[in-house]
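Given next are the chains, with one letter for each unit.
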Amino acid sequence: MAPKAQKSPKGKKRGQEKKGKKKAKQLTLVAEEEEPMNMESMGHPEIYPLVLTTKTQEIFNCRVDEDMTDEQTYKLIKKEDILADLQNRAAVSDFHPVKKIVREYPGDELLLVYDKDFKYGLNFYLIGTEEGKENFLKTPEVPEEQEETREYVQEEVFVYKPPVSKPWVSLGSEKEIEEESVKESKKRVTYMISRKRSEFGAPVTFSDQNASSIKDGYIECASYSDKNYTLTQVEKDVSLQVIPEVKGTSTQTKWTFPKNATTQYYPREFSEEEKEALGQSKSLADFLNNVSTSVEIALQQNEIMDIFLDDWKNLAEEESTFGDKTDTHLKEYQSFTDLHSTMEKMITCVSWHPTIYGLIVVSVAVRLSFEERVQFSGKLLLQPSLILFWSFSDPIHPQLMLESPDDIFCFEFCPSDPNIIAGGCINGQIVLWDITAHADRIENIKAGGSRSKKATLKPMFLLEPDSNKEAMYIRHCAVSSIENGHRKVITDIHWLPDSFEINRMGSVFENRSGINCQLVTCSADCTICFWDIRPQKPPSTAAAPTTGTGTGTGTPTNNTNSHQPAAEKKKEDTIEIPFDVPSTFLHLDLSWKPLTRIKLSKGETNLDHCPTKLSLGEDPLLCKIQGTSSMHVLLKDKILNQIKILKSAEINPFHSLDTGLANILKPIDDFCTKFFVGTEEGEVIYTDWKMERDSETGRFMAKKPVNLYTVHDGAVHTVQRSPFYNDIILTIGGWNVAIWKEEVMTGPLLQTCCAPKRYTAGHWSLTRPGVFYIGREDGYVDIWDLLEKTHEPTQSQNICITMITYIKPWTFSSKQQFIAIADYYGTLHILEIPWTLSHPSFNEVASVNYYFEREVKHLEYVYQRKLIRDEEKKEMALELVKKKAKVFQKTKELMEAELRLEYENHVELEKAVLFNLGLGRVTEKVSYLDVM
């Protein structure tokens, strides 16, 4: 059946039309009753603004830019025409708002004015009074020139009329003034300052002062407020009275509060007679001839130099003009290559000598894989594993060569004594050298010596006799135990600071010896070991004295053990010690064991993390010596003076290590024992070296890592703290870089995107807090400046054609810095750092610190937003679960009723379709229950 047409909508529309007409009539009546808008608020009650459309302008011949122009701005319109338009167009007429004014207007013509500048808000306005029309028509039109002349004349003729005094009329204000007036309640204190006449003109004495000891070369005597004589006014009661007299004064002082102000005036010019008189004046011509030469010289000097330059302000910046600031690239200074080795070697570690200028030390290793090392093991035994001392005075011959049992992959100078060197081998052993006997040889190196003269006169193979070559080799004085040490290559080694020491449990105690006696190493065997160079137990008092080789194994308890030291002494006397090996660390040779060992467990699995680099705290050599150039010189002189005193007294603190570890040490409370570790899988771990007792076994075990971040996509080869901020750590590995802040567990402050080539080395700048250098596998060095860019390096420079293996900068003076870059082919490149990369800008330390603090706040914000999003997801999941539960909570009767209703609707639809097709007939209704 077709649906019937509904008539109700039409009825609704008719009703709406009737309501609309009634509403329009009501609005019309309201509009007629409303008062027309005029400019009474602006002082012109006779003016009524209007908007005239194009149709209205054509009817009354007042079209804009045709009938109404800048010359003709008004027109008189008959009152009858306006009333006829109102009658014809009713409310559509543009004059409808002023209908009442037009009807009540006494005259026959109304004045319509074109408001071009929209002074009253609309394009036209109507003057509704005869008086206003007459005033407008009487106003003469004066050209602009005449107007300016008239204004000029008026300004000249203006006469000031002083105010006329009027008799005082009291309104009671004098009582308020009397109450608010301030009267002195105490007698004023008078001070008199005098001086004897004989002291006037007395001579003044000046003294000399070293300008180099003062920062920036000048002393600034800035004014300051003395708190002892500062009186704070808490409350002040002031009364003011307006007076007619005004007095204006002016002084040549600084205007504290400047304001924008303009003054319009007319220039005073000479008349034609005065100009002719001055042109013929002889005095003016003589004056111009006299000063012309001085003026020309002044103009030339102004072109040559800036006369407005403040010389006093730039006096302190005179030092900053050293070098070319536009040159920002690293300059090649020198290079070193080992020509004596027959096998191809690469540089594994680089370190500058802490006290000697121009002396740099490198360790080299054979470029072979593990399988190739096994294959050529016999040949490798014939090649010595060396650490080379290079000097700027001789780029061909190493000054010293330290021998080791196997290739060295890391080493470090002892901060207490630079003659002590510790290194880590590829076979897991730690090696100690003492070059005190050869210190004079490397300290007396000077450019242009006899060695340099030989190099210029003779061929390379005749530069030095074999005897001198043999003298340059220095054997190690101690090697750690093979069984108890690391089982794989040692990847990093550090001396612990001389301010503390640790015990077997990792607890921190005060270091009474005042020298660096402990080391920390990490290896590819998944362990981190702490070593102590002193004997583990003090020697027995009952034992006979030894030759400095006692191991301090214990104290004799019976007569049989009392003869043991004597037997050991007899046994040691039979061992011949080579004359060139010092006995400083002979008690450690082949018996040196780690003090404590830490394994970084992965948790539930049996696997451990493989550490590659670590950072315990501040680097003694980096932070204490390298801070600034002046501090570097002072600390270097201090270390040299200490060494000279020890030599003069023939005392070496490392020779008296037989006293062993102290039994009673003062613990250091609130000491941070956490440190950063980089792993071979690219993870950055923040863990603790302090041991804890296992609740199940009762043994002391390493704590679980505090936090673990998987940031790098390759092995981490650089974990270094900033020389300026001890809590900022730089990590480099794989194809990206990350900067961390200690105690911030939400992630890195900065994480760079993937680089075009893999990063292989990196180091912080020693003088600029926002600069660090990164070496790549293609021989390029990326220089990052956080003050300029944080998403990409500021510049990249090619150094060599192969992989860069190590980067180490060093500061020699305030005007000269170098950076050592080692490559895979065994060449050491020394480059000079330009001025822009070595000298920080004003307040750079605070600016970079502000950047790090801002990134910390950003991480906290992101973390909080993540927590909020997680809560929202949980709530959405709970709502979804509730909806599903509501669907399944339907009763069986309700579900049957819904199915019955659905079936009945389907049967009715089927019957209707069959009936429309003529195939069906009226049959009895089939029930849902019968079908079921």
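Rules used throughout
Residues numbered from 1 in each chain as written. Predicted model: local features only at pLDDT ≥ 70, side-chain atom pairs only at ≥ 80, totals over all residues. Heavy atoms only, no water. Helix = DSSP H or I, 4+ residues; strand = E, 2+ residues; numbered from the N terminus. Buried < 20%, exposed > 50% of the residue type's maximum accessible area, 1.4 Å probe, protein only. Contact = heavy atoms within 4.5 Å. Salt bridge = Lys/Arg side-chain N within 4 Å of Asp/Glu carboxyl O. Pairing = 2+ DSSP bridges. Axes fitted to C-alpha atoms, helices over the stretch in contact; angles between N-to-C directions. Polar contact = N/O pair within 3.5 Å; in protein donor to acceptor, adjacent residues only side chain to side chain. Patch = residues over 30% accessible without salt bridge, like charges linked within 9 Å, V, L, I, M, F, W, Y side chains within 5 Å. Areas by Shrake-Rupley, 256 points an atom, 1.4 Å probe, with all protein chains shown as cover. Lys, Arg positive; Asp, Glu negative; His and termini not counted. Charge placed at Lys NZ, Arg CZ, Asp CG, Glu CD. Phe/Tyr/Trp six-rings, centres within 6.5 Å; stacked < 30°, edge-to-face > 60°. Expected span 1.5 Å × (residues − 1). Bend = angle between axes of the 7 residues up to and from the residue. pLDDT = per-residue confidence, 0-100. Disulfide = S-S within 2.5 Å.

Peer 1: Got a minute to help me understand the overall build of the protein chain in this structure?
Peer 2: Each helix and strand in the protein chain was counted, giving 23 helices and 37 strands. Counting every position in the protein chain, which comprises 932 residues, the buried fraction comes to 34%. Here the analysis covers contacts within the protein chain between residues at least 6 apart in sequence; of these, 63% occur between residues at least 24 apart.

Peer 1: So what exactly am I meant to see when it comes to the pattern of salt bridges here?
Peer 2: Pairing is possible between side chains of opposite charge, provided their charged atoms come close. What the rule picks out here adds up to 18 salt bridges. Residue Lys703 pairs with Asp688 through a salt bridge whose shortest N-O separation is 3.5 Å. Of this pair, Lys703 sits in the loop between strand 25 (700–702) and strand 26 (707–710) while Asp688 is found in strand 23 (residues 683–688), placing the two residues 15 residues apart along the sequence. By relative accessible area, which is 28% here, Lys703 ends up partly exposed. Overall, the relative accessible area of 6% leaves Asp688 in the buried class.

Peer 1: Looking at this structure, I do not really get the sheet that holds strand 30 (residues 750–751). What am I missing?
Peer 2: Backbone-to-backbone hydrogen bonds pair the strands of a sheet. The strands run either parallel or antiparallel. The four strands are arranged 27-28-29-30 in an open sheet whose pairing can be described as antiparallel. Both outer strands of the open sheet, strand 27 (716–721) and strand 30, are each paired with one neighbouring strand and no more.

Peer 1: How do you make sense of the sheet that holds strand 1 (residues 47–50) when you look at a structure like this?
Peer 2: Spatial ordering of the open sheet is given by 1-4-3-2, a layout of four strands whose pairing is antiparallel. At either end of the open sheet lies a strand with only one pairing partner, and these are strand 1 and strand 2 (74–78). Between one strand and the next, the sheet's axes are offset by a mean angle of 30°, whatever the strand orientation. In the packing of helix 3 (residues 79–89) onto the sheet, the strands contacted are strand 2 and strand 3 (109–114), and the crossing angle to strand 2 comes to about 70°.

Peer 1: What should I look at first to understand the pairing of strand 19 (residues 527–532) in this one?
Peer 2: Remember that side chains alternate between the two faces of the sheet whenever the strand is regular. Where burial is concerned, most of strand 19 is hidden: six out of the six residues are buried. Covered by surrounding structure in strand 19 are Thr527, Cys529 and Trp531 together with Ile528, Phe530 and Asp532, the residues of both alternating faces. Here strand 18 (residues 518–523) pairs with strand 19 via five bridges, running antiparallel. Each residue of the ladder has a partner; that of Cys522, found in strand 19, is Ile528. Connecting the antiparallel pair strand 18 and strand 19 is a turn made up of three residues, with Cys526 showing a positive phi of about 70°. Pairing analysis gives four bridges linking strand 19 to strand 20 (residues 596–599), with the strands arranged antiparallel. Within the sheet, the bridge partner assigned to Phe530 lies in strand 20 and is Thr596.

Peer 1: Mind showing me how you'd approach the side chain of Asn511 here?
Peer 2: One can find Asn511 in the loop between strand 17 (508–510) and strand 18. A polar side-chain atom of Asn511 sits 3.2 Å from the main-chain carbonyl oxygen of Asp498. Here the side chain of Asn511 touches Ile515 through a polar contact of 2.9 Å, landing on its backbone oxygen. Excluding residues within four positions of it along the chain, Asn511 makes contact with Asp498, Ser499, Phe500 and Glu501.

Peer 1: Would you mind showing me how to read the pairing of strand 18 here?
Peer 2: Along strand 18, six of the six residues are buried, which leaves the element largely enclosed by surrounding structure. The alternating pattern of strand 18 places Gln518, Val520 and Cys522 and Leu519, Thr521 and Ser523 on opposite faces, both of which are buried. In this sheet, strand 18 lies alongside strand 15 (residues 490–495) in antiparallel orientation, the contact comprising five bridges. Considered in strand 18, the bridge of His494 is made with Val520.

Peer 1: Sorry, what's going on with a negative patch on the surface here?
Peer 2: Together, Glu176, Glu179, Glu180, Glu235 and Asp237 give the surface a local cluster of negative charge. You can see Glu180 is positioned in helix 7 (residues 173–180). Taking the relative accessible area as the measure of exposure, Glu180 reaches 41% and is therefore partly exposed.

Peer 1: Is there a simple way to explain the packing of aromatic side chains in this structure?
Peer 2: Here the distance between the centres and the angle between the planes together describe a pair of aromatic rings. Here the structure, examined in full by the defined rule, presents 27 aromatic pairs. Judged by centre distance (5.4 Å) and plane angle (45°), the rings of Tyr114 and Phe124 are tilted. Linking Tyr114 in strand 3 with Phe124 in strand 4 (residues 124–127), this pair joins segments that are ten residues apart in sequence. Within the aromatic cluster, the residues linked to one another by ring pairs are Tyr333, Phe336, Trp352, Tyr357, Trp390, Phe392, Phe812 and Phe818.

Peer 1: Looking at this structure, I do not really get the side chain of Ser838. What am I missing?
Peer 2: Inspection of the secondary structure assignment puts Ser838 in helix 20 (residues 835–838). On the basis of relative accessibility, which here comes to 5%, the residue Ser838 falls in the buried class. Not counting the four nearest positions on each side in its chain, Ser838 is found in contact with Thr767, Arg768, Gln817 and Ile833.

Peer 1: Honestly, helix 9 (residues 282–304) in this entry has me stumped. Any pointers?
Peer 2: Residues that lie three or four places apart on an α-helix share one face, since the helix turns once every 3.6 residues. With 23 residues, helix 9 extends 34 Å from end C-alpha to end C-alpha; this agrees with the ideal 33 Å at 1.5 Å per step. Helix geometry: helix 9 is bent most strongly at Val291, by close to 35°.

Peer 1: What's the story with a nonpolar patch on the surface in this structure? I'm lost.
Peer 2: On the surface, Phe270, Leu278, Leu284, Phe287 and Leu288 cluster together to form a nonpolar patch covering roughly 460 Å² of accessible area. Positionally, Phe270 belongs in the loop between helix 7 and helix 8 (272–279).

Peer 1: Looking at this structure, I do not really get the environment of Ile408. What am I missing?
Peer 2: Structurally, Ile408 is set in strand 10 (residues 408–413). Counting along the chain gives 46 residues from Ile408 to Val362, while the straight-line C-alpha distance between them is 9.6 Å. Among all residues touching Ile408, those that are not within four sequence positions of it are Thr348, Ser363, Val364, Ile387, Gly423, Gly424, Cys425, Val431 and Trp433.

Peer 1: Is there a simple way to think about the confidence of the model for the protein chain in this case?
Peer 2: The pLDDT averaged across the protein chain works out to 76; a share of 73% of its residues lies at or above 70. Mean pLDDT across the elements of the protein chain ranges from a minimum in helix 14 (residues 450–457), with 35, to a maximum in strand 32 (residues 771–776), with 94. Low confidence marks residues 539–574, where pLDDT is under 50. Its contacts with residues over four positions away, or in another chain, come to 26 contacts.

Peer 1: Hey, could you run me through helix 22 (residues 892–917) in this one?
Peer 2: The terminal C-alpha atoms of helix 22, which comprises 26 residues, lie 38 Å apart, in line with the 38 Å expected from a rise of 1.5 Å per residue. Immediately downstream of helix 22, the backbone of Gly918 shows phi near 80°, a positive value.

Peer 1: When you look at unusual backbone geometry in this model, what are you seeing that I'm missing?
Peer 2: Glycine aside, residues mostly have negative phi, and peptide bonds are mostly found in the trans state. Although it is not a glycine, Asn61 adopts a positive phi angle of roughly 55°. In this fold, Asn61 is placed in the loop between helix 2 (54–59) and strand 2. With phi around 65°, Leu590 is a residue other than glycine that occupies positive phi space. Relative to the elements of secondary structure, Leu590 occurs in the loop between helix 17 (564–574) and strand 20. Accessibility expressed as a relative area gives 58% for Leu590, which makes it exposed.

Peer 1: So what exactly am I meant to see when it comes to the state of the cysteines here?
Peer 2: By definition, a disulfide is the covalent link that joins the sulfur atoms of two cysteine residues. In the structure shown here, the tally under the stated rule is zero disulfides. Not part of a disulfide, Cys349 finds its nearest cysteine sulfur in Cys410, a span of 6.5 Å. With no disulfide of its own, Cys526 has Cys610 as its nearest cysteine by sulfur position, at a separation of 4.7 Å.

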